[in-house]
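# A look at the structure
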Amino acid sequence: MSSTAVIGAQWGDEGKGKVIDIIAAKAAVVVRSQGGNNAGHTVVSHGETYKLHLIPSGILYKNTLCLVGAGVVLDPADFIGEIDNLSARGISFDNLRVDYRAHIIMPWHTLIDRLSEEHRPDNAKIGTTGRGIGPCYADKYERVGIRLYDLIHPDVFREKARTIGKLKNEIITKIYGGTPVDIDKTIAEYLALGEKLKGYAADVSVLVHEARKAGKTIMFEGAQATLLDIDWGTYPYVTSSHPVSAGVALGSGVGPNSVDEIIGVAKAYTTRVGAGPFPTELFDQTGETIRQNGFEFGTTTGRPRRTGWFDAVILRHSVRVNGLTSIAVNKLDTLSGIGDLKICTAYEKPDGSRLTEFPPTIEELAECKPIYETLTGFDDDIGACRTFEELPTACQAYIKRTEELCDCKISMVGVGPDREQIILRK
Ligand code: GDP
Ligand code: IMO
Ligand code: MG
């Protein structure tokens with residue numbers, strides 16, 4: 001019996017989907033605990049590519065129980081759309097369950113997400129995915145949210161949707177000058193979706209607890225990442241949930257001691273989509289080469305990802321706030337042929353002093369200059385390497401030095417997108 005959480009260690013898109021898929025192969029239960037369809041997890045299996053947004057990646061395994069916890073925000077149309085698309089590819093949804101307490105993304109959430117971004121000055125735009133994530137979580141904490149339980153009880157839903165919808169339309173029209181949501185149409189559409197979702201509703205907390213008592217192997221599938229965490233990320237350029245490991249317990253309804261192993265997933269370099277400071281960002285040809293070689297374009301929105309060197313300060317922050325037991329480093333293959341490799345070991349502050357811990361505010365972060373160490377690069381195609389010893393010496397040195405600087409074991413090294421293209425280290 002064991003349970004593992006897979007957590008994004010940087011700004012997202014680290015290749016969590018691939019690591020999750022590898023671990024899910026051995027898990028009886030896979031649980032999503034937070035976030036929503038802002039996530040985009042890619043799994044490449046036997047030459048087939050799957051892009052999963054809200055459905056737990058365990059769904060690709062026939063007998064795996066796939067759970068969506070209370071901490072998730074759920075867009076019903078998108079969720080049903082994802083089920084329909086995957087069903088057409090032969091995937092079964094008999095083992096999917098969603099917690100009654102999961103909050104529902106309503107049309108006013110997506111609209112307000114878009115309108116509030118439009119109304120921010122250019123230098124304050126967050127660059128959200130536009131999926132209504134922030135406004136939905138805001139309503140949850142304001143205690144005016146609508147949950148899955150409400151959606152599958154038509155009388156409760158109608159009343160809540162009318163009262164809350166009216167209030168939201170005031171905001172949409174009076175504050176943003178937008179077009180109001182047609183509430184009656186929304187109610188009809190959502191009730192039809194609720195009918196489809198009814199069969200999946202369950203108490204996920206109880207299901208995870210029972211699985212653990214029965215000695216089953218559980219995997220908690222993280223979405224987003226540490227630097228996008230509402231408290232531990234680069235606020236306000238973050239998402240509105242808790243992607244850090246503590247969010248796993250909160251979002252699925254189990255105690256923190258229900259997680260045995262916590263794997264942080266990182267890339268061998270750094271990327272981010274959306275706005276906010278990024279100390280090791282590259283604006284030159286090397287940055288562009290990494291973007292092209294690594295296909296660094298968003299899984300959810302298609303936006304080009306910003307690229308930069310590996311930042312060990314970020315990883316040390318991730319190790320600490322998540323209690324990482326090991327790190328998986330993906331996309332080492334992308335660095336082939338780009339020349340010498342740089343790793344940021346610390347930051348230099350404007351007064352010339354050296355900072356080794358990630359600063360708590362973006363104001364301080366924006367002033368930090370990366371201090372680099374340069375390592376020899378490599379030109380080999382490493383996609384076929386399956387053991388650490390098969391990697392070129394320069395790759396081995398890069399991983400070992402990274403491990404030292406992050407002060408955490410690197411247990412996996414990704415050498416390509418396929419589920420087979422991973423090196424497991426003892
Ligand atoms: P996630 O959100 O963390 O699951 O990551 P995404 O799926 O959004 O983005 C990661 C991208 O990198 C996907 O296109 C993966 O197929 C790809 N990928 C994952 N691991 C590797 C790797 O080791 N090498 C290469 N070249 N691509 C990888
Ligand atoms: P996965 O799970 C990368 C980013 C958005 C934006 C900020 C807020 O695939 O790693 P939101 O729509 O959540 O309010 O946007 O967070 N963001 C992600 N970036 N990967 C993700 O998920 C992300 N989910 C949200 O780009 O900067
Ligand atoms: Mg992604």
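Located above this text is the structure these notes cover.
What counts as what
- Residues numbered from 1 in each chain as written.
- Chains lettered and ligands numbered in written order.
- Predicted model: local features only at pLDDT ≥ 70, side-chain atom pairs only at ≥ 80, totals over all residues.
- Heavy atoms only, no water.
- Donors = N, O, S within 2.8 Å, 3.2 Å for Na, K, Ca; no water.
- Helix = DSSP H or I, 4+ residues; strand = E, 2+ residues; numbered from the N terminus.
- Buried < 20%, exposed > 50% of the residue type's maximum accessible area, 1.4 Å probe, protein only.
- Phe/Tyr/Trp six-rings, centres within 6.5 Å; stacked < 30°, edge-to-face > 60°.
- Lys NZ or Arg CZ within 6 Å of the ring centre and 35° of its normal.
- Polar contact = N/O pair within 3.5 Å; in protein donor to acceptor, adjacent residues only side chain to side chain.
- Contact = heavy atoms within 4.5 Å.
- Near = heavy atom within 4 Å.
- Areas by Shrake-Rupley, 256 points an atom, 1.4 Å probe, with all protein chains shown as cover.
- Nonpolar A, V, L, I, M, F, W, Y, C, P; charged D, E, K, R; others polar.
- Domains from an automatic or database assignment.

## Structural notes on the coordination of the magnesium ion (ligand 3)
For a metal with four tetrahedral donors the ideal donor-metal-donor angle is 109.5 degrees, whereas six octahedral donors ideally subtend 90 or 180 degrees. Listed as protein donors to the magnesium ion (ligand 3) are Asp13 (OD) and Gly40 (O); their distances from the metal cover 2.0 to 2.2 Å. Taken together, the residues Asp13 in the loop between β1 (3-8) and α1 (16-24) and Gly40 in the loop between β2 (29-32) and β3 (41-45) connect sequence positions 27 residues apart. Residue Asp13 is classed as partly exposed on the basis of its relative accessible area, which comes to 23%. When its relative accessible area of 9% is taken as the criterion, Gly40 is described as buried.

## Points about the packing of aromatic side chains
This structure, assessed with the given rule, holds three aromatic pairs. Plain terms: the ring middles of Tyr100 and Tyr149 are 6.3 Å apart, the flat faces sit at 65 degrees to each other, and that makes the pair edge-to-face. Of this pair, Tyr100 sits in the loop between β7 (96-99) and β8 (103-104) while Tyr149 sits in helix α5 (residues 148-151), and the two are 49 residues apart along the sequence. Its end group placed over the ring of Phe388, Arg425 keeps NZ or CZ at 4.2 Å from the ring centre.

## Quick look at the side chain of His53
Note on placement: His53 falls in the loop between β4 (48-52) and β5 (65-68). A relative accessible area of 17% places His53 in the buried class. A distance of 2.7 Å separates a polar atom in the side chain of His53 from the backbone oxygen of Ala39. Apart from residues no more than four positions distant in its own chain, His53 is found in contact with Arg32, Gly36, Asn37, Ala39, Gly40, Glu82, Thr299 and Thr300.

## Description of the site of ligand 2
Surrounding ligand 2, one finds 20 residues, the nearest of these being Lys16, His41, Thr129, Gln224 and Thr239. One of the backbone nitrogen or oxygen atoms of Gly40 is found 2.9 Å away from an oxygen atom of ligand 2. In this structure, Gly127 approaches ligand 2 through a main-chain N or O atom, which is 3.5 Å from an oxygen atom. Taking 550 Å² as the accessible area of ligand 2 by itself, protein coverage stands at 98%. Split into classes, the residues belonging to the shell around ligand 2 amount to seven nonpolar, ten polar and three charged.

## So, helix α11 (residues 312-322)
With nine of its eleven residues buried, α11 lies for the most part within the structure. For α11, the secondary structure elements touched by its buried residues are β1, β11 (261-267), β14 (310-311), β15 (326-330), β16 (341-348) and α13 (393-406). Two or three places before Val313, at the opening of α11, Asp311 has a side-chain oxygen 2.9 Å from that residue's backbone nitrogen. Residue Gly323 follows α11 closely and has a positive phi angle near 65 degrees.

## Comments concerning the site of ligand 1
The immediate surroundings of ligand 1 are formed by 19 residues, with Lys16, Gly17, Thr42, Thr299 and Asp333 found nearest. In this structure, an oxygen atom belonging to ligand 1 sits 3.2 Å away from a main-chain N or O atom of Gly416. Among the secondary structure elements, those contributing two or more residues to the shell around ligand 1 are α1 and β3. When residues of the shell around ligand 1 are assigned to their parent elements, the largest contribution, three residues, is made by α1. Split by residue class, the shell around ligand 1 holds two nonpolar, ten polar and seven charged. When residues of the shell around ligand 1 are sorted by domain, at least three fall in each of domain 1 (3-99 + 201-261) and domain 3 (266-424).

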